[in-house]
Amino acid sequence: SLVMLSFNIYKTLWNKAGLWTSFWATLQQVTVASSTYFIIQSIRYATEGKTQEALLWAFWFVVSLIVVFAPNTLSVIWLQRWRYDSLASYMQEFVTRNGGYSTWSHGRDKEKYESWLTTENVVIYENATRVVYDLYQIFLSTVLNILVIAVAIDPRISAWYLAAGALLAGANRAFRGKIALSAQRMQNGRRNLSDSLLSSWENIFVGNKYCLQNWEAKFLGSLQNAKEAAAGYDQTRTLVSSCAVGMALTVIAAGNGIFLKEQLDNPTAFAALLVSLPRQLQVIQNIFAFFGLTLSWEGLRAQLKELEEILGISQTSRDLEEFVKLDEISVTNGGGKISVSKVSQLKGFLDQKDNGRFTLRGKNGAGKSTLLSILAEHTGESSFFLPSHFSDLSFKSDELISQSDGNRLLHAFEEIKNLSEVKFVFLDEWDANLDISNIDKINSAIEVLSQRKVVLESRHRA
């Protein structure tokens, strides 16, 4: 398993935007609960023949229905900010823990983990903040309305709902593991689907029928698995929630039935209960939704824990020097060959240089790219690592995306040249996709760069 430093993924959900979201949501639900109290009081006074008092409470009821839109709107606005602030908090922590670990940029690791940063974390934080927001809203609305109805009509009402809540809590605890396992299967299915989509562009547009058929087979297989896992998750969650909520509602209906029978000769209490029934119906709907959301949260908990695990990938023990075959790699400076038998020797050699151009050559699989990654980690922020596939790297020039590979490299060298903190420049097979004329231009640019910095390049061509 991956080794984690001390970090709790839920920290990313605790921020200023989340607190403001909770504040406005609380104000909204207090206003809604107040409206329940106002209408019950209005009906009570009306049945007692106190028209003036009934009209006053009806007035406050109408006011509460109007003003509730303000905190509702503000809570939704802050929910959006909360969502993106939480995502930013996670990404900041990810960068802090993993920035500069060049050895983890290998294609195999990228294929395994990239979707968590490019798609999954966005979806997970969008769902997590929404579910937490809805859970808080529904819980507060349910509790406040039950308390108001119990205070205004009969304290036993709260006991009926308390018994129903205990039933739901027990069901949640009993099926938590099963729901989490089902959610994990759904998450894995969606992640595999995302991974297959990451390679869709080239397979569709390159025009190789054989590759396209292979990709389509992989995509359709992962799509089918994702579909079945998602359907299985919803089926399990819905079945559990339907059975549990059905039993809870039986308790509530029985309690209301007993009260109605007792108050048949008391028109004031009877009318008060009747006018509260729409709100009780909303509370019942809230209970159903709340229980469904708690089951959804079990799935999200598993996803957040997966994000937490991914957070520490570069913290794990990893020694890649054994994959570097120095006896199959030559290190040259101009025409002269530099003799190194250990990676540590090459590190020490480069550390002593102020500038110069050094070239790694060797057959594929000798570990040239791995060696450059190890050296980039060793030199840290004093180095600039330009991998062979550098198109996703961000530079100041906005024109790079529309330029040829040769012009991109020239623009990149111009920016790298002016970075005073950078002493080492590591270039991984920069000539792999260039024609002869561009190679000559880039070659000259590297010579200029090597007058100011230490350049270590691996060459695709001899």
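Details of the structure are given in the entry above.
What comes next is a walk through the structure. (Residues numbered from 1 in each chain as written. Predicted model: local features only at pLDDT ≥ 70, side-chain atom pairs only at ≥ 80, totals over all residues. Heavy atoms only, no water.)

## Re the pairing of strand E1 (residues 329–333)
So, step 1. With four bridges joining them, E1 and strand E3 (residues 356–362) adopt antiparallel strand pairing. Across the sheet, residue Ser330 finds its bridge partner in E3, namely Arg361.
So, step 2. Pairing analysis gives three bridges linking E1 to strand E2 (residues 336–338), with the strands arranged antiparallel. For Val331, the partnering residue across the bridge sits in E2 and is Ile338. (Pairing = 2+ DSSP bridges. Helix = DSSP H or I, 4+ residues; strand = E, 2+ residues; numbered from the N terminus.)

## Some thoughts on helix H2 (residues 51–67)
So, step 1. Between its first and last C-alpha, H2 extends 25 Å over 17 residues, near the 24 Å set by a 1.5 Å rise per residue.
So, step 2. Turning to H2, its buried residues are Ala54, Phe61 and Ser64. Relative to the axis of H2, the buried residues are bounded by an arc of 80 degrees and lie together on one face. In this structure, H2 carries Thr51, Gln52, Leu55 and Ile66 as exposed residues pointing more than 90 degrees from its buried face. (Expected span 1.5 Å × (residues − 1). Buried < 20%, exposed > 50% of the residue type's maximum accessible area, 1.4 Å probe, protein only. Arc of directions from axis to C-beta.)

## Structural notes on the pattern of salt bridges
So, step 1. Tallied over the full model, the rule gives eleven salt bridges.
So, step 2. Its salt-bridge partner being Glu93, residue Arg97 comes within 2.7 Å of it at the nearest N-O pair. Highlighted residues: Arg97 and Glu93, both in helix H3 (residues 69–98), separated by four residues, approximately one helical turn.
So, step 3. Arg357 is the partner of Glu457 in a salt bridge, and the nearest nitrogen-oxygen pair spans 2.8 Å. Separated by 100 residues along the polypeptide, Glu457 in strand E6 (residues 454–458) and Arg357 in strand E3 bring together distant segments of the chain.
So, step 4. Judged by its relative accessible area of 9%, Arg357 is buried. (Salt bridge = Lys/Arg side-chain N within 4 Å of Asp/Glu carboxyl O.)

## Observations regarding unusual backbone geometry
So, step 1. A positive phi angle, near 50 degrees, is found at Glu429, a position not held by glycine.
So, step 2. Its location among the elements puts Glu429 in the loop between strand E5 (424–428) and helix H12 (436–450).

## Here we look at the side chain of Ser194
So, step 1. Locating Ser194 in the fold gives a position in helix H5 (residues 156–198).
So, step 2. Classification of Ser194 as buried rests on a relative accessible area of 15%.
So, step 3. Polar contacts involving the side chain of Ser194 include one to the side chain of Glu120, which spans 3.3 Å.
So, step 4. Setting aside residues no more than four positions away along its own chain, Ser194 makes contact with Ser115, Thr119 and Glu120. (Polar contact = N/O pair within 3.5 Å; in protein donor to acceptor, adjacent residues only side chain to side chain. Contact = heavy atoms within 4.5 Å.)

## As for the environment of Glu228
So, step 1. For Glu228, the location among the structural elements is in helix H7 (residues 209–262).
So, step 2. Taking the C-alpha atoms as reference points, Glu228 and Thr103, separated by 125 residues in sequence, lie 36 Å from one another.

Keep in mind these numbers describe shape, not what the thing actually does.
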